Amino acid sequence: MGGVRRVRGLGCFCQKGASALALAASAFFVFAGSAWGAAYPSTGPASAGQVRTHAPAPLPTGAIRPYAKGGVTDAGNKALVGSQAKLKSLSGIAPGTVIDAAQIDFEDVDKYFMWWDIEEGDNLFSRINGKSYQKNDVVPVSSLKYLKLPHYNFDGQIQVGELVVGADVKDDFLNIFKELFLAQYQIQSMYLVDNYWVGNGTDTDSASIDENNTSAFCFRAATASENLSWHAYGRAIDINPQQNPYVSYANGTPQWSHENANGYIDRDTGLPHVITTEDLAYQTFLKYGFIWGGELGTVRDYQHFAKPIETP
Ligand SMILES: [Zn+2]
């Protein structure tokens, strides 16, 4: 995703403590056949063992620590991909890799829902530093965790996903995605936004949305605001953003910024992957105390679930 964006794209601006209306008034426009949209899908279905585009290099072991709950980090695990053996974990297997369902131990899927610390100097830190992670006084890297987990893609295949989330909500995310996985809930892709980096958080978020990528952490202020997005704390996630766009109704007619969402402004179509209150993702995130951006009023951020920090 190295191309220069001619249009400053809009992503997900949900934030704390500021008027969403003010954001919408200052920042929204509607596409009219601009040249840079319609990139989706940029990659075809991958087959088992293949890695989709945007997959980062495999994480070397040693610089990261395993999830204590059954996760193993031996590099030999990677060699099992494509064989008939059950995988012991997702260690060593690159995000984007499609895994044959026969290799998943459905009797004990906990071992596939893994997390790692991120520490200055390790390979995870190097990957996000200066991109989704910016040096700041509010969100130390020690407050973030790296997650790797399986999800079903839009072709019904099991695919490896990754997220960076806040440490104190990592268990929520792991539990939620375990429930969604067992229900075969489909997510097109789940890569760190760093895979789409184009120089700043807002445009990178836009590029990730254009690829219908699901992501959580990105240290950035909400547009037209000095307030940080909940994404900056790793406490928010955007799910299948193409089918679940950010739409403003502030002017009386819907306005949105991503052309790939043109068919998803009407929320009553019954199309696959459209999040409504009947959707399993909605129900699962709310069960774990998250709020949904699709209920914000004149601004509806249908892709967005957040768990704000509780204030006394
Ligand atoms: Zn969001």
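Procedures and definitions
- Residues numbered from 1 in each chain as written.
- Predicted model: local features only at pLDDT ≥ 70, side-chain atom pairs only at ≥ 80, totals over all residues.
- Helix = DSSP H or I, 4+ residues; strand = E, 2+ residues; numbered from the N terminus.
- Buried ≥ 20, exposed ≤ 12 C-beta atoms within 10 Å, placed from the backbone.
- Contact = placed C-beta atoms within 7 Å.
- Core = buried A, V, L, I, M, F, W, Y, C linked by C-beta atoms within 7 Å.
- Pairing = 2+ DSSP bridges.
- Axes fitted to C-alpha atoms, helices over the stretch in contact; angles between N-to-C directions.
- Parallel < 35°, antiparallel > 145°, perpendicular 65-115°, else oblique.
- Left-handed = near helix turned anticlockwise from the far one by under 90°.
- Nonpolar A, V, L, I, M, F, W, Y, C, P; charged D, E, K, R; others polar.
- Expected span 1.5 Å × (residues − 1).
- Arc of directions from axis to C-beta.
- pLDDT = per-residue confidence, 0-100.

Draft legend 1. A look at the overall build of the chain. The helix and strand inventory of the chain stands at 6 helices and 9 strands. Counting all 312 residues of the chain, 44% fall into the buried class. A separation threshold of at least 6 residues defines the contact pool for the chain, and within that pool the share at least 24 residues apart is 67%.

Draft legend 2. Region of the structure containing the nonpolar core. By size, the foremost hydrophobic cluster in this structure holds 56 residues, and its most contacted members are Leu147, Val164, Val165, Phe173, Phe177 and Phe305. Taken together, the elements giving at least two residues each to this core come down to β2 (114-117), α3 (123-128), β3 (144-152), β4 (158-166), α4 (170-182), β5 (236-238), α6 (280-287) and β9 (304-306). In terms of residue count, α4 provides more of this core than any other element does, 6 residues in total.

Draft legend 3. The sheet that holds β4, seen in detail. Strand order across the open sheet formed by 4 strands is β1-β4-β3-β2, with antiparallel pairing between neighbours. Both edges of this open sheet fall to β1 (98-99) and β2, since each of them pairs with a single strand only. One ladder, built from 2 bridges, connects β1 with β4; its direction is antiparallel. In the strand pairing of β4, Ile99 is matched with Ile158. Contacting β2, β3 and β4, α4 runs over the sheet at an angle of about 5° to β3.

Draft legend 4. Highlighting the environment of Asp279. Relative to the assigned elements, Asp279 resides in the loop between β6 (246-248) and α6. Once the C-alpha coordinates of Asp279 and Tyr185 are considered, the two residues, 94 residues apart in sequence, prove to be 9.7 Å apart.

Draft legend 5. Main features of the sheet that holds β9. On the basis of which strands lie adjacent, the open sheet formed by 3 strands has the order β5-β9-β7 and antiparallel pairing. If you trace the sheet from one side to the other, it starts and ends with β5 and β7 (291-292), each paired once. Alignment of β7 against β9, held across 2 bridges, turns out to be antiparallel. Bridged to Trp292 within β9 is Phe305.

Draft legend 6. Highlighting the packing of α4 against α6. Across the interface, α4 lies against α6 with an axial gap of 10 Å and an inter-helix angle of 150°. The orientation of α4 relative to α6 falls into the category roughly antiparallel. Between α4 and α6 the crossing geometry is right-handed. Residue-level inspection shows Ile176, Glu179 and Leu180 of α4 in contact with α6, the latter providing Leu280, Ala281, Thr284 and Phe285. Broken down by class, the residue content of the contact of α4 with α6 amounts to 5 nonpolar, 1 polar and 1 charged.

Draft legend 7. View of helix α5 (residues 201-210). Counting buried positions over the 10 residues of α5 gives 10, a clear majority of the element. Inspection of α5 places Gly201, Thr202, Asp203, Thr204, Asp205, Ser206, Ala207, Ser208, Ile209 and Asp210 among the buried residues, and these make up the whole buried set. Looking one or two places after α5, you find Asn212, whose phi comes out positive at around 55°.

Draft legend 8. Broad picture of α4. With 13 residues, α4 should cover 18 Å at 1.5 Å per step; its first-to-last C-alpha distance of 18 Å lies within 8% of that length. Taken residue by residue, α4 has Lys170, Phe173, Leu174, Ile176, Phe177, Leu180 and Phe181 as its buried positions. Viewed along the axis of α4, the buried residues span an arc of 165°, placing them on a single side of the element. Where α4 is buried, its residues meet β2, β3, β4 and α6. Immediately beyond the C-terminal end of α4, within one or two residues, lies Gln184, with a positive phi of roughly 60°.

Draft legend 9. Quick look at the confidence of the model for the chain. Averaged over every residue, the pLDDT of the chain is 80; residues scoring 70 or more account for 74%. Low confidence marks residues 1-46, where pLDDT is under 50. Its contacts with residues over four positions away, or in another chain, come to 105 contacts. Between residues 51-72, whose pLDDT stays under 50, and residues either more than four places distant or in other chains, the model counts 53 contacts.

Draft legend 10. Just the pairing of β3, in detail. In terms of burial, β3 is a largely internal element, 8 of the 9 residues being buried. Pairing analysis gives 9 bridges linking β3 to β4, with the strands arranged antiparallel. Bridge assignment links Tyr146 to a residue of β4, and that residue is Val164. Between β3 and β4, which pair antiparallel one after the other, the connecting turn spans 5 residues, and Gly156 there sits at a positive phi close to 80°.

Draft legend 11. Quick look at the environment of Gly82. Examined against the element boundaries, Gly82 turns out to sit in the loop between α2 (76-79) and β1. For Gly82, a count of 14 C-beta atoms within 10 Å corresponds to the partly exposed category. Distance in space between the C-alpha atoms of Gly82 and Val98 is 9.6 Å, their sequence separation being 16 residues.

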